[in-house]
Number of protein chains: 2
Amino acid sequence: MKSVKVGIAGLGTVGSGTVNVLQRNAAEITRRVGRPIEITHIGARRLNPACDIGDIKVSEDIFALVDDPEVDILVELIGGTTTARDLVLAAIRNGKHIVTANKALIAEYGNEIFQTAQEHNVDVGFEASVAGGVPILKALGEGLAANRIKWVAGIINGTGNFILTEMQEKGRDFAEVLAEAQALGYAEADPTFDVEGIDAAHKLTILASIAFGIPLQFSKVYTEGITRITTEDISAVDYFGYRIKHLGIAKDTGNGIELRVHPTLIPKEVLLANVNGVMNAVMVEGDAVGPTLYYGAGAGSEPTASAVVADIIELSRALTVDQVERAPFLGFQAEQLSTDEVLSIEDVMCPYYVRLHVQDKTGVLADITRLLSAEGVSIEAMFQRDTDEEGYVSIVLMTHRIRESALQNALEKIAELEAVGNEIMRIRVEALDAS
Amino acid sequence: MKSVKVGIAGLGTVGSGTVNVLQRNAAEITRRVGRPIEITHIGARRLNPACDIGDIKVSEDIFALVDDPEVDILVELIGGTTTARDLVLAAIRNGKHIVTANKALIAEYGNEIFQTAQEHNVDVGFEASVAGGVPILKALGEGLAANRIKWVAGIINGTGNFILTEMQEKGRDFAEVLAEAQALGYAEADPTFDVEGIDAAHKLTILASIAFGIPLQFSKVYTEGITRITTEDISAVDYFGYRIKHLGIAKDTGNGIELRVHPTLIPKEVLLANVNGVMNAVMVEGDAVGPTLYYGAGAGSEPTASAVVADIIELSRALTVDQVERAPFLGFQAEQLSTDEVLSIEDVMCPYYVRLHVQDKTGVLADITRLLSAEGVSIEAMFQRDTDEEGYVSIVLMTHRIRESALQNALEKIAELEAVGNEIMRIRVEALDAS
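Residues numbered from 1 in each chain as written. Chains lettered and ligands numbered in written order. Predicted model: local features only at pLDDT ≥ 70, side-chain atom pairs only at ≥ 80, totals over all residues. Heavy atoms only, no water.

This part is about the overall build of chain A. For chain A, the count of helices and strands is 13 helices and 18 strands. In summary, chain A has a C-alpha radius of gyration of 24 Å against a globular reference of 22 Å for 435 residues, a match within 12%. Dimensions of chain A, computed from the C-alpha atoms along their principal axes, are close to 80 × 45 × 35 Å. Within chain A, buried positions represent 61% of all 435 residues. Considering only contacts in chain A between residues 6 or more positions apart, those separated by 24 or more positions represent 73%. Charged side chains of chain A number 37 positive and 62 negative; the gap between the two group centres comes to 4 Å. (Helix = DSSP H or I, 4+ residues; strand = E, 2+ residues; numbered from the N terminus. Rg over C-alpha atoms; globule rule 2.2 N^0.38 Å. Buried < 20%, exposed > 50% of the residue type's maximum accessible area, 1.4 Å probe, protein only. Contact = heavy atoms within 4.5 Å. Lys, Arg positive; Asp, Glu negative; His and termini not counted. Charge placed at Lys NZ, Arg CZ, Asp CG, Glu CD.)

Now the structure itself:
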């Protein structure tokens, strides 16, 4: 049978991994597909010593791939959203199928890309855009397709999880671990996307669309990073039986969808709390299947290439098939996407962990509990830490389930108390149970 | 678009769950598929109060479904391998697509069923046959299709895992926990399939075929149950940093495939060691992706129905598509299945945990270490437990990596020593690392 012809745009970390996996496992892949997969054209400004491209044609201008009749599938691995968007749309208009690992591109321009692909009857694979090599999009869109998905909660940024794990296990400070992550190559020189949660918000956008059948709505994701987490918080929550993980959470509340990325307390004994280092894991709760979890490397050259090549294989198997018969891009038929409202973070309900620094004198605690109570915030547990050299103590408390806006109102009033220090920490709590 | 017509044979636990999920999530499923899925015919000797079948046609003779032109997909949920095999083959010959949750049927008769299906150009879905609602077959055959799979290791029998978890957490005896599992409905009145590992061996057979592209070879799986595990072993291995899990392991050694089901020591800190109760989890190590893990409910009415209905959805999406273009039954093209040899358990290499009861007198330990050493078995760690009322002590040791046959030879000679008690326990150890 005729080979499937693949053009690869971008020869960085993931591009070179994709070349290596396609070459090394060529025999295995041909056994799976029933025909060979051949790289016919690479678009890259410079070669990468991490892979040997032999005599494969190379163009410095990646747009040369778009016009090449010897390219059936264009694999976009250049990153960014400007040139990548132009490249992908041009390739689709020329009838090329697309595989991409670009989470920002799909989260921000996916609606446009999918519509264009549908008009031109081509397919777009983007499994690699979330959780690297873990086939979570396939699990959500196909494996769990029988379910009404209740919620998805994931550790979907390996850098952030590495930092929190090191802080947890070794009592090290955020800044120190971040510097090490940068030295190890886990974190970029500009770590904003990772530590401020933007990368996770891109991935959550994609997960939520496939879980609930809603359009991609990146701008509506509430996003909070891990830069304010201290080792004091990590040890305080341990006392209550929790760990702090940076989660992306998408939840169908029945009257709107919650989309939020933030540090979250989860019970120590759940599997997700035991996912450490740079690893990723996504938990999915379906109404029929109950809780499920998917774990693996969320980044890196070959783990990401694993998902890119899986998409190439799937496209290769399906190449002669009419597009309408395949699983739709977002798991649901395009005309069936729901218009469910995405909720504001103020409307989220959950328990909270709150840490305050207060002057160690009578009446302060009474003031605080009165202000909480006035907003309907009730306290489940509380403890007080030793007085420091300036006469301040840490008060750490866990609230019962409450609307975020109510807690915010109470905390704003508490912040105005003279005896209360500036920095008030609050972290959301998720039990990750079936409720 | 025309509805897809489904016939369901068997209305037990999984059959009623399948009816309930298809009915409750009908709107969601139609949004995913692009056309409705309709149950047109049920074959069952008696109705099940757990589901409301309304005015769906019912036949006491399940073979009535085979001849019904109003059935596109026949869902086999009667269990067993005799009637089920006849039913499935007859339906295939009549051009019906098949979905089944029957692990014994696929593990023992899958080769014949797939060949017949290929001849008649119909598809067979069997995601529900392994790990219930966890979409592990799809992950292996499609999501990880870029990889050469190195090994698969899974907790794939919930009853066995429930028993070991209770023994671990509460120090209870095997027999007592088994009785409770039976009372709770986790274990059958005849628990042989679960506690002797036969159910896990069926599932491992299927996992291994999809991982490595080998024919289904149930008869070659080495199978050992959990009936001999004692609370003494569980606490002894804890001392060395391990937990005992009943694993199905399939490994490509490079010169043959290992297929084995047995109690296994795994390091406490790995995620798989923290999968407790009736939950299932499968770990897969691919050459590109590294380690990945898939976790969820491995049995029960709706979790299993979740996988059954996912297969119905996939078939419905693909119904007009030529069979050759879809993912092949075992992930690899039928004519490309490999003839790699399945290794005998004697050729397996791993470290071992060994527990002996010996008379507490001088020279015994020297005899034991001499006999181990003569077979090339070297000891990594050892400790001795308190002398019991009959003057015996427990010696617990961990060996370095050794061929099973060498350890067996040594243990046979050790068993002949007068000072050594009858019962010698040995449990295999897996580090579950990338090696």
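Let us now look at the packing of helix H3 (residues 83–93) of chain A against helix H4 (residues 103–119) of chain A. All names here are of chain A. The contact between H3 and H4 brings their axes to 10 Å, and the two run at 15 degrees. One way to sum up the angle between H3 and H4 is to call them roughly parallel. H3 and H4 meet at a crossing whose hand is right-handed. Residues Ala-84, Arg-85, Val-88, Leu-89, Ile-92 and Arg-93 of H3 pack against Leu-105, Tyr-109, Glu-112, Ile-113, Thr-116 and Ala-117 of H4. By residue class, the composition of the contact of H3 with H4 is 8 nonpolar, 1 polar and 3 charged. (Axes fitted to C-alpha atoms, helices over the stretch in contact; angles between N-to-C directions. Parallel < 35°, antiparallel > 145°, perpendicular 65-115°, else oblique. Left-handed = near helix turned anticlockwise from the far one by under 90°. Nonpolar A, V, L, I, M, F, W, Y, C, P; charged D, E, K, R; others polar.)

Our focus in this paragraph is the sheet that holds strand S6 (residues 124–125) of chain B. All names here are of chain B. Pairing is parallel in the open sheet, where 6 strands are placed in the order S3-S2-S1-S4-S5-S6. Of all strands in the sheet, those bounded by a partner on one side alone are strand S3 (57–59) and S6. With 2 bridges joining them, strand S5 (residues 97–100) and S6 adopt parallel strand pairing. Its bridge partner being in S6, Ile-98 is matched across the sheet by Val-124. Running at roughly 175 degrees to strand S4 (residues 73–76), helix H3 (residues 83–93) makes contact with strand S1 (4–9), S4, S5 and S6 of the sheet. (Pairing = 2+ DSSP bridges.)

All names here are of chain A. The strand order S3-S2-S1-S4-S5-S6 describes an open sheet built from 6 strands, whose pairing is parallel. Edge strands, defined here as strands with exactly one partner in the open sheet, are strand S3 (57–59) and strand S6 (124–125). Sheet topology note: the strand S4 (residues 73–76)/strand S5 (residues 97–100) ladder contains 4 bridges and is parallel. Its bridge partner being in S5, Leu-74 is matched across the sheet by Ile-98.

Turning our eyes to something else, we now look at the environment of Leu-272 of chain B. All names here are of chain B. Here Leu-272 is to be found in the loop between strand S10 (257–267) and strand S11 (279–286). Considered as a pair, Leu-272 and Met-283 are 11 residues apart in the sequence and their alpha carbons are 7.4 Å apart. Those residues in contact with Leu-272 that lie beyond four places of it in its chain are Ala-153, Ile-155, Lys-245, Leu-247, Ile-266, Ala-281, Met-283, Leu-293 and Leu-432.

When chain A is fitted to chain B, the residual RMSD is 0.0 Å, and the transformation amounts to a turn of 180 degrees plus an axial shift of 0.0 Å. Here the symmetry operator amounts to a two-fold rotation axis. Across chain A, the smallest distance between a C-alpha and the rotation axis is recorded for Tyr-294 of chain A, namely 2.4 Å. Looking at the interface residues of chain A, 100% of them are also at the interface in chain B, so both copies use one shared face. (Least-squares fit on C-alpha atoms with pLDDT ≥ 70 in both.)

Turning our attention to the domain arrangement of chain A. Residue and element names in this part refer to chain A. Looking at the assigned domains, one finds that chain A contains domain 1 (4–133 + 301–336), domain 2 (136–297) and domain 3 (349–429). Between the C-alpha centres of domain 2 and domain 3 there is a distance of 26 Å. The partner domain 3 presents 18 residues to the 20 residues of domain 2 that form the contact. Carbon and sulfur atoms supply 55% of the area that domain 2 and domain 3 bury against each other, a total of about 1600 Å² over both sides. Our enumeration of links across domain 2 and domain 3 arrives at 5 salt bridges. A salt bridge links Glu-232 to Arg-355; the nearest nitrogen and oxygen atoms lie 3.7 Å apart. Elements that contribute at least two residues to the side of domain 2 that touches domain 3 include exactly helix H10 (231–239), strand S9 (242–252) and strand S10 (257–267). A breakdown of the residues in the side of domain 2 that touches domain 3 according to their chemical character gives 10 nonpolar, 4 polar and 6 charged. (Domains from an automatic or database assignment. Buried area = accessible area lost by both parts, 1.4 Å probe. Salt bridge = Lys/Arg side-chain N within 4 Å of Asp/Glu carboxyl O.)

Further remarks concern helix H9 (residues 198–212) of chain A. Residues and elements named next belong to chain A. Over its 15 residues, H9 extends 21 Å from the first C-alpha to the last, a length consistent with the 21 Å expected when each residue adds 1.5 Å. The element H9 is extensively covered by neighbouring structure, given that 14 of its 15 residues are classed as buried. Within two residues after H9, Gly-213 carries a phi angle of roughly 65 degrees, on the positive side. (Expected span 1.5 Å × (residues − 1).)

What follows deals with the interface of chain A and chain B. Taken residue by residue, the interface counts 62 residues in chain A and 63 residues in chain B. Summed over both sides, the interface of chain A with chain B buries roughly 5000 Å², with 53% coming from carbon and sulfur. Between the two partners, chain A and chain B, sit 4 salt bridges. On the surface where chain A and chain B come into contact, there are 19 residue pairs in polar contact (both at pLDDT 80 or more). Taken together, the elements giving at least two residues each to the side of chain A that touches chain B come down to helix H1 (13–24), helix H2 (26–33), helix H5 (136–143), H9, strand S12 (290–297) and helix H11 (301–318) of chain A. Two strands pair when backbone bridges link them, and S12 of chain A and strand S12 (residues 290–297) of chain B are joined in this way by 3 bridges, in the antiparallel orientation. (Polar contact = N/O pair within 3.5 Å; in protein donor to acceptor, adjacent residues only side chain to side chain.)

In this section: helix H2 (residues 26–33) of chain B. When H2 of chain B is considered as a whole, its buried residues turn out to be Glu-28, Ile-29, Arg-31, Arg-32 and Val-33 of chain B. Contacts from the buried residues of H2 of chain B go to H5, strand S7 (149–155) and H9 of chain A together with helix H1 (13–24), strand S2 (37–43) and helix H11 (301–318) of chain B. Just downstream of H2 of chain B, Gly-34 of chain B is the residue with a positive phi angle, here 95 degrees.

Let's shift gears to the pattern of salt bridges. Under the defined criterion, the tally for this structure stands at 52 salt bridges over all chains. Salt-bridge contacts for Glu-28 of chain A lead to Arg-31 of chain A; the nearest nitrogen and oxygen are separated by 3.7 Å. With a gap of 3 residues between them, Glu-28 of chain A and Arg-31 of chain A both fall in helix H2, about one helical turn apart. For the pair Glu-28 of chain A and Arg-31 of chain A, one class covers both residues: buried. With a closest N to O distance of 2.7 Å, Asp-199 of chain A and Lys-203 of chain A form a salt bridge. Taken together, the residues Asp-199 of chain A and Lys-203 of chain A, both in helix H9 and 4 residues apart, mark about one turn of the helix. One network of salt bridges, in which partners are shared, links Lys-138, Glu-142 and Glu-314 of chain A together with Lys-138, Glu-142 and Glu-314 of chain B.

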